[in-house]
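# Close look at the chain arrangement
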Amino acid sequence: MSFYGVSAPVTSRPRQLFALRPLEIKQVFDFAFRVYRANFAPMFLIMAVAQFPISLLGAFLGFKILQMSTDMQSASMTGVEPDLAYFMQFAEELIPLSLFGLLAAVYYLLALPLAYLACSKLVIQALLNEPWSLGQALAFARSRYWPTQGALFLFTLPVLLLSLLLLLPVLAFSQSGNDTGTGIAAVLALLLIWLGAICTWLLWYRLFP
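Everything quoted here is computed from the prediction, not taken from an experiment.

### With respect to the overall build of the protein chain
Tallying secondary structure elements over the protein chain gives seven helices and two strands in all. Counted from the first residue to the last, the protein chain has its helices and strands arranged as β-β-α-α-α-α-α-α-α. Intrachain contacts of the protein chain at a sequence separation of at least 6 include 66% that bridge at least 24 residues. For the protein chain, the exposed area adds up to about 14700 Å²; of that, 73% sits on carbon and sulfur atoms.

### Considering the pattern of salt bridges
Here the structure, examined in full by the defined rule, presents one salt bridge. Close ionic contact of Asp30 with Arg34 constitutes a salt bridge, the shortest N to O distance being 2.8 Å. With Asp30 and Arg34 both in helix α1 (residues 25-38) and four residues apart, the pair spans about one turn of that helix. With relative accessibility at 26%, the residue Asp30 sits in the partly exposed group.

### Considering a nonpolar patch on the surface
Taken together, Leu191, Leu192, Trp194, Leu195, Ile198 and Leu202 make up a surface patch of nonpolar side chains, about 590 Å² in accessible area. Note that Leu191 resides in helix α6 (residues 179-201).

### Side note on the packing of aromatic side chains
For the structure shown, the criterion picks out four aromatic pairs. Judged by centre distance (5.2 Å) and plane angle (65 degrees), the rings of Phe155 and Trp201 are edge-to-face. Of this pair, Phe155 sits in helix α5 (residues 145-176) while Trp201 is found in helix α6, placing the two residues 46 residues apart along the sequence. Positioned over the ring face of Trp132 is Lys121, at 4.8 Å from the centre of the ring. Sitting above the plane of the Phe140 ring, Lys121 keeps its charged end 4.8 Å from the centroid.

### Topic: α5
Residues three or four positions apart in an α-helix share a direction because the helix packs 3.6 residues into each turn. Here α5 spans 45 Å end to end across 32 residues, near enough to the 46 Å set by a 1.5 Å rise per residue. Where α5 is concerned, the buried positions are Tyr145, Thr148, Gln149, Leu152, Phe155, Val159, Ser163, Leu166 and Val170. Gly177, located one to two residues past α5, shows a positive phi value of around 85 degrees.

Scoring rules and cut-offs
- Residues numbered from 1 in each chain as written.
- Predicted model: local features only at pLDDT ≥ 70, side-chain atom pairs only at ≥ 80, totals over all residues.
- Heavy atoms only, no water.
- Helix = DSSP H or I, 4+ residues; strand = E, 2+ residues; numbered from the N terminus.
- Contact = heavy atoms within 4.5 Å.
- Areas by Shrake-Rupley, 256 points an atom, 1.4 Å probe, with all protein chains shown as cover.
- Salt bridge = Lys/Arg side-chain N within 4 Å of Asp/Glu carboxyl O.
- Buried < 20%, exposed > 50% of the residue type's maximum accessible area, 1.4 Å probe, protein only.
- Patch = residues over 30% accessible without salt bridge, like charges linked within 9 Å, V, L, I, M, F, W, Y side chains within 5 Å.
- Phe/Tyr/Trp six-rings, centres within 6.5 Å; stacked < 30°, edge-to-face > 60°.
- Lys NZ or Arg CZ within 6 Å of the ring centre and 35° of its normal.
- Expected span 1.5 Å × (residues − 1).

Okay, here's the thing in structure tokens:
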């Protein structure tokens, strides 16, 4: 087999569709397109099912924000300021929306590892020129689902512990009635949690596979 002018030795196993070696940037894009073309339909279906509730929630929130900004712009042009009832209308919609957001987040956390595992296995089988069906990939993902969830929990555990430790000073200042200290501690906590999350996710592609 030849790929980008590089010949591979002939072996007894099936010929691979891709050369597993370091690639240049242009070859990486070509590699990605080949991977998607090999299993586009099942991978798209898996990820669509996993991300549908979150995508629906994001679309609804985007529509509401656009509606509110349009109303505010119209009010600024006509000089008629929205009253309290207008804002209460949106506030009343936040309660069911928050509940749906919580359920969507739980579904996302439960379904996404399954989708990642199934898609990864489909890609690997395409690389080996031994394609699997959607059912085979989902069965493989189910067999490794809980170990993967445990690994993801351990991966995010440092950030969770950091968040709890940083929120303790905020709670202490809040109980003491020190509004200035509460504000400063809250800003510092959010900043450090954000930095901790960035440092953690930098290791994602090294640790997750």
